[in-house]
Amino acid sequence: MDEGEADLIRKARQDVLLGKPASAVHAEWAELGVRGPQTPPGKTIGYSSVVYILRNPRLCGYRSYIPQEIRERSGRVDPVEYLVERTDGTPVIGQWEAILTPDEWTELVVELDSRKNTGRGRRKGSTVTRRLLTGIARCARCGTGLYSGTYLRGTTSYERYGYYYYCRKADGGCGKLARSGPPVEDYVEQILLGSLKQQADNATRVEVEDPELSNAKETLRRIESDKAEARQLRADDLLSLAEFAREMRRLEERERNTKENVAGLSAGPVRAGSTAARVVREWEKYTVDRKRDELKRSIEAVVVKPAGKGGAQRGTFRPDLIEIVWKEILRE
Ligand SMILES: [Zn+2]
């Protein structure tokens, strides 16, 4: 493996973590003429070879060994499943130079795994362009999910906005609503990022300033160990069944009260504080797909209202015509 290939792999990892599908990495590599060990002469590298390379533990110096028998039977197998481990469960390090650290490689594999069942990544036969608010924006008149369309080339709207969202009759919508895309998206992004920033700040404050919360957590830990001890005493026959039941009831009631108290203390941000902070930091680097995933975690729908008589003044964005419906905040 030469330095150029190493750079390609490092870049692919970064791109994937920022939301790029493996199929896009494949397209890039094919374009660049990257070849895999099994690429036949005159052909470009296959999609599964790209995935195989990215999932190979060798990238971070780990050894994997796929038994010959399995290779013959199954063709391409996932090298992640065949890490060579010592008896203590730690991976064996090979004799080659690692391109990624074990943590970096693990992060990449976890990200690729997380996409397996989402339909994201390699999308086949999809003809619908997925914009940031596809599946999120809805028509206020009829509730139908909005589609996106591209303005006619050469028009001012095309130059200015490129595309728009609209309610499509063919999909059972009223067909009476359309709005330029980018201003709505910018607005929703700003609101979401503002909310995430607030969540990050709140989380920091709760953790740093609230001794009551840490006391409550300590209490819960103590109750947990008291329960374990009671179970042990019962198992050793040192508590009668009646005593044991009474003790457990007492502990569980205390646990319930403490938990209610904890719920009152922390407002329960949708995303953990550190995650929220990271999303805000990395937002600009995200792909549209990744941004949409983030939006969907917090936002149920973006309702676009009709502009009314005379329509919206040309070129003026009206936030009062946009309603953001937040997801219910889940408390633990
Ligand atoms: Zn409609």
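Residues numbered from 1 in each chain as written. Predicted model: local features only at pLDDT ≥ 70, side-chain atom pairs only at ≥ 80, totals over all residues.

A separate point is the overall build of the protein. A count of helical and extended segments in the protein gives eleven helices and six strands. Here the protein, with 332 residues, has 17% of them falling under the buried criterion. Taking all contacts inside the protein whose residues are at least 6 apart in sequence as the whole, residues at least 24 apart take part in 63%. (Helix = DSSP H or I, 4+ residues; strand = E, 2+ residues; numbered from the N terminus. Buried ≥ 20, exposed ≤ 12 C-beta atoms within 10 Å, placed from the backbone. Contact = placed C-beta atoms within 7 Å.)

Read across the sheet, three strands follow the order β2-β3-β4 without closing on themselves; strand pairing throughout is antiparallel. Edge positions in the sheet fall to β2 (147-150) and β4 (178-180), since each has one partner strand and no second. Mean inter-strand twist for the sheet, computed between neighbouring axes without regard to direction, equals 30°. Across four bridges, the pairing between β2 and strand β3 (residues 163-166) is antiparallel. Across the sheet, residue Gly 149 finds its bridge partner in β3, namely Tyr 164. (Pairing = 2+ DSSP bridges. Axes fitted to C-alpha atoms, helices over the stretch in contact; angles between N-to-C directions.)

With respect to the helices and strands, Val 109 occurs in helix α5 (residues 102-114). Val 109 gets classed as partly exposed once you count the C-beta atoms within 10 Å, which come to 18. Linking Val 109 and Val 80, residues 29 residues apart in sequence, is a C-alpha distance of 8.3 Å. If near-sequence neighbours (up to four positions away) are discounted, Val 109 is found in contact with Arg 55 and Val 80.

Here three bridges tie strand β1 (residues 137-139) to strand β5 (residues 299-304), and the two strands are oriented parallel to one another. Counted as the bridge partner of Cys 139 is Val 304 from β5. In the sheet, β5 pairs with strand β6 (residues 322-326) via five bridges, with the strands oriented antiparallel. Its bridge partner lying in β6, Val 304 is registered against Ile 322.

On to the pairing of β3. Taken together, the three bridges between β3 and β4 define a ladder with antiparallel strand orientation. Of the residues in β4, the one forming a bridge with Tyr 165 is Arg 179.

The strand order across the open sheet formed by three strands is β1-β5-β6, and the pairing between neighbours is mixed. Whereas interior strands pair on both sides, the edge strands pair on one side only; in this sheet they are β1 and β6. Mean inter-strand twist for the sheet, computed between neighbouring axes without regard to direction, equals 30°.

Turning next to the packing of helix α1 (residues 3-17) against α5. One can describe the packing of α1 onto α5 by two numbers: an axis separation of 10 Å at closest approach and a directional angle of 50°. When the axis of α1 is compared with that of α5, the two are oblique. Here α1 runs over α5; the crossing is left-handed. Along its contact with α1, which presents Arg 13, Val 16 and Leu 17, the element α5 presents Glu 104, Glu 107, Leu 108, Glu 111 and Leu 112. Of the residues contributing to the contact of α1 with α5, the split by class is four nonpolar, no polar and four charged. (Parallel < 35°, antiparallel > 145°, perpendicular 65-115°, else oblique. Left-handed = near helix turned anticlockwise from the far one by under 90°. Nonpolar A, V, L, I, M, F, W, Y, C, P; charged D, E, K, R; others polar.)

Turning to helix α3 (residues 47-54), a few remarks are in order. Those residues of α3 lying buried are Val 50, Ile 53 and Leu 54. Projected down its long axis, α3 carries its buried residues within an arc of 95°, all on one side. Elements in contact with the buried residues of α3: α1, α2 (22-32) and α5. (Arc of directions from axis to C-beta.)

Turning next to the nonpolar core. The biggest cluster of nonpolar side chains holds 21 residues, and the ones touching the most others in it are Leu 133, Ala 137, Leu 146, Tyr 165, Tyr 166, Val 302 and Val 304. Broken down by secondary-structure element, the contributors of at least two residues to this core are β1, β3, α7 (181-209), α10 (273-282) and β5. No other element matches α7, which puts six residues into this core. (Core = buried A, V, L, I, M, F, W, Y, C linked by C-beta atoms within 7 Å.)

What follows is about the packing of α2 against α3. At a minimum axis distance of 9 Å, the contact between α2 and α3 shows a crossing angle of 110°. With respect to α3, the element α2 is oriented roughly perpendicular. Between α2 and α3, the residues in contact are Ala 22, Ser 23, Val 25, His 26 and Trp 29 and Tyr 47, Val 50 and Val 51, respectively.

Quick look at the environment of Thr 258 now. By the secondary structure assignment, Thr 258 is in helix α9 (residues 241-265). When the C-alpha positions of Thr 258 and Lys 217 are compared, they lie 8.4 Å apart, and in sequence the two are 41 residues distant. Ignoring any residue separated from it by four or fewer positions in sequence, one finds Thr 258 in contact with Ala 216, Thr 219 and Leu 220.

On to unusual backbone geometry, then. A positive phi angle, close to 65°, is found at Asp 237, a residue other than glycine. By C-beta crowding, Asp 237 is classed as exposed, having 8 other C-beta atoms within 10 Å.

Attention shifts here to the confidence of the model for the protein. This prediction gives the protein a mean pLDDT of 81; 84% of its residues lie at or above 70. β1 holds the highest mean pLDDT among the elements of the protein, 94, whereas helix α4 (residues 68-74) holds the lowest, 68. Residue range residues 118-127 is modelled with pLDDT below 50. Its contacts to residues more than four positions away, or to other chains, number eleven contacts. (pLDDT = per-residue confidence, 0-100.)

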